[in-house]
Every structure is written in structure tokens, then in C-alpha cells.
Amino acid sequence: MKVITQSSKLVKPFYGGAQPPPIDSIPLSVFDKVTWNMHVAVIYAYRNPAPATETIELGLSKVLAVYREMAGRLSTDDSGEIVILRNDAGVRFIEAYADQNLDETVSFMPSEPKVKSLHPSLYGVKELTQVQITRFNCGSMVLGFTLHHRVADGNATSNFLVAWGKACRNIEISPLPFHDRTIFTPRDPPIFDFNHKGVEFMPENMKGIYDSVDDRVEEIRAEQFHFTADFISKIKSKASSMNPNKKPFSTFECMIAHLWRAVTKARRLDGSETTRARITVDCRHRIKNPKVPNYYLGNMVLWAIAKAKVDELLGEPLGHAAKLLHDAIISIDDNYIKSFIDFAHHRVEAENLVPTIGIEHNRRILSPDMDAGTWLRLPFCDLDFGCGAPYAFSPCYSPIEGDIFLMPSFVDDGSIDVYVPLLREDMKVFKDVCYSLY
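First, a word on scope: everything that follows refers to the structure included in this document. Everything quoted here is computed from the prediction, not taken from an experiment.

1. Things to note about the sheet that holds strand β12 (residues 301–309)
One open sheet holds the six strands; their spatial order is β10-β17-β16-β14-β11-β12, and the pairing between them is mixed. Two strands bound the open sheet, and with one partner strand each, they are β10 (220–227) and β12. Taken over all neighbouring pairs, the strand axes of this sheet differ in orientation by 20° on average, direction set aside. For strand β14 (residues 370–374) and strand β16 (residues 403–408), the ladder comprises four bridges, and the chain directions are parallel. Along β16, the bridge assignment pairs Asp371 with Asp403.

Written out as C-alpha cells, the structure reads:
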């Protein structure tokens, strides 16, 4: 597929005749500092009649007046700390054309090479936000969106995108984003109730341990699997039958338990090996003081880690894996989050530590471990510019073996789509076991 760029410009905030606010800066929070220092991308596909480019651009300029961070730049303050400079420098806005019909062109797999031409480059970018609109012969449109992860996590990004759609439809943006990233202050004296070394942080001298290229990277295959609402219901019933509290485990916990076991079985690991499942956890409603609103603009994600021997994980019933995951997730509570904040402020620099995510950035093979992320509860699919919701949506990334991702299906019947990257030979086994209720 050949995508031809027709124009590229900067779109800046529109204040409707009011005086623009002064330039200021927002320091990164401890949550921003431990996340990925990179751009991430998503794409949306709209059928004909697709929204007009003028409508999308005007709505973007309006929403940027409310979400100024998106139009800013990363900079450093006088003490050398990284900040978001709210200088209204603008969002990169690209118009492009593909001389084909959309349905014949794109599979919308996150790692599909063709998909990468439908969003701006993720590398060497000074803009914090980028937009690419690609029109097709059939009248359909794909919108590619990239954002630097240190500006916002999935929750905050989805809030921005929904607000953008509202601005295009002349609907008031409400509720407004909460901008204060200085609320995560350490306790005095600090209390280190948990060990954060090896979880959120690692020694700086471990940098480079994943820099060597693993020959198996070329064998990674990413595929999409669809799980029906009926199958999910059976998984939940089977997993929750072991819950001593008689309360069903969440859909996410049950599906990750099932997938963790299926991935582990597909890899054919030695029974004595330890496998870890690392889960992203939104902390907004888990910290008691300060109260953090759902519309907090920034990052507020930590990671829960469940561990088991391979023989234990596969030998025990599904409910055992679900309970391991449940216990790990609920452990990310107010005490844990405050311990993390204290540790980040007082121990990281003193012990010469760096974020684990930064060290693992080049790790392409996770086996025997698995990472799991989810957008099941985020309104990413609600980006309506005035011509209706998109008919397809996908994150975009280079596949990492064992890094799975759950999304609500566009069928909108309670089913779930899961993106699973595994080595070629392991994928064959995974396909045989992933729909089994073993």
C-alpha cells in the first residue's frame, strides 16, 4: 500500500478570541517518569461518509485549548528536571491519500507493516502529539494518532480523544481535565513498606542487558483472537468457582488467567521454571489521599506481578491462576502506591536506580514471562467526529513476544479481541489450546 503525504502543518490551540494563557511548565510526576519514554500510536477507521478534514482540524484546535499539554513540548527546568512546556507550539497534522479501497488494504493487526504507514513516525519526533488523516478511494478514512507516553496514559488519552470528538460536534467538553501533577508528594518521614527495586526500578548498571539481538525475534508472529461473550461467561464461571469470597473474579482477571495458562502451555516450558504475569493497573481510584479524579491528565499506572512455577500454573485449576492474579492486583492499594511515591522521591537517586521500563525497552522475547494490558474499560471506541463511531480501531506497535493486549470487540456484544504475539512454533500450539476450557 502506497500512502502519499499531501500536506503537513502544525495545529495550535484556538482560544476563540480570548487572550492565550501564559507559557508555563508542568513537572513530570513519579508516575510519568517510570513509564515508556516514547511515542505510542493508535488508528481509527471510518466508513464513507467520513468526517471532513476541516471539522477534525477545527475540533482539534478547540480541544487543545483545554488540553494544552498535548500541544506543548518536553523540556528541562533550571534544575535539570524534565517538564512539559505548555507553549502552544502545536500538534503535527498530516493529510495523506491512498489510491486503494480501504477494506482491500488493511487488516488492522497492530503489527501489520501496512498499518505503520497510516500514522506518523514514532521516532525522532519533537511534537508530543501527531495526527495523520489518510483518505481512500472508497471514501473511507483512517485517522492515525500518536502521543508521547509521558504526557498521558491510556485513561487520560481516551478522555482527550472523546473530548476532541465533542469539540468537533460543538458539544461542551465536560468534565474538564485535572492538570496538577504535583499532588503526589512523599510522606514525612517516608515509609518504605514494599520493595520497589526489581519492580518499578532497577540498578542503572543493568542498562544494556537486552541490547543484544535475539535471533528468535524474526520468528515472532502476532495474531488476533476473538472470544465470544458465551466463552467468556464460561471462563468466569469456571475460574470464580474457586474464589473463597464467593464473589466472581473480574472478566479481566479470568481472561488473563486463561491466557497465561494457554501461553505457558504453548511455550512448552520446563515445569520447574517460574513464570510471571505482569499486569498494568490504573491507580486513580486506588489511592485514598490525595483523591485523584478519573479525568486526571497524566500517567497513573503501576504494575501487579503474579508468579508461579510452570507445573503449579498448569497443574492447578484455572481458579488458582485467577486468584494469583487477583491477589497481585488488589495488592496495588493505597499503602503500596504511597510506598512507591516515597521510594521514588528518596531512594531512586540515592541508589542510582532507573525505571525498569527503560531497561526492558529493547527486550523482545518475554518468555517465560507475560505482560498483559487492557483497554476493556476505556472509551477509545467513542471517537465520534460527527459522522458516527469508527468501525475499526487498533493500537500499533512492533510485536514483543508474550506482550498480550485485550480490547472490546467492535461487534459490541460483550465479546473481546486479544492480540497475542508468540514465536511461530508456539503460536501453532496456542491456537490449539486457547479455546479449550481445560
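2. Some details on the packing of helix α5 (residues 251–267) against helix α10 (residues 424–433)
The contact between α5 and α10 brings their axes to 8 Å, and the two run at 135°. In terms of their interaxial angle, α5 and α10 are classed as oblique. Of the two possible hands of crossing, α5 and α10 adopt the one that is right-handed. Contact with α5, carried on its side by His258, Leu259, Ala262, Val263, Lys265, Ala266 and Arg267, involves Asp426, Val429, Phe430 and Val433 of α10 and no other residues of that element. When its residues are assigned to classes, the contact of α5 with α10 shows seven nonpolar, one polar and three charged.

3. Describing the environment of Asp333
Topologically, Asp333 is positioned in the loop between α7 (318–330) and α8 (334–346). The class of Asp333 is partly exposed, set by a relative accessible area of 31%. Along the backbone, Asp333 and Glu204 are 129 residues apart, and their C-alpha atoms lie at a distance of 27 Å.

Calculation rules
- Residues numbered from 1 in each chain as written.
- Predicted model: local features only at pLDDT ≥ 70, side-chain atom pairs only at ≥ 80, totals over all residues.
- Heavy atoms only, no water.
- Pairing = 2+ DSSP bridges.
- Helix = DSSP H or I, 4+ residues; strand = E, 2+ residues; numbered from the N terminus.
- Axes fitted to C-alpha atoms, helices over the stretch in contact; angles between N-to-C directions.
- Parallel < 35°, antiparallel > 145°, perpendicular 65-115°, else oblique.
- Left-handed = near helix turned anticlockwise from the far one by under 90°.
- Contact = heavy atoms within 4.5 Å.
- Nonpolar A, V, L, I, M, F, W, Y, C, P; charged D, E, K, R; others polar.
- Buried < 20%, exposed > 50% of the residue type's maximum accessible area, 1.4 Å probe, protein only.

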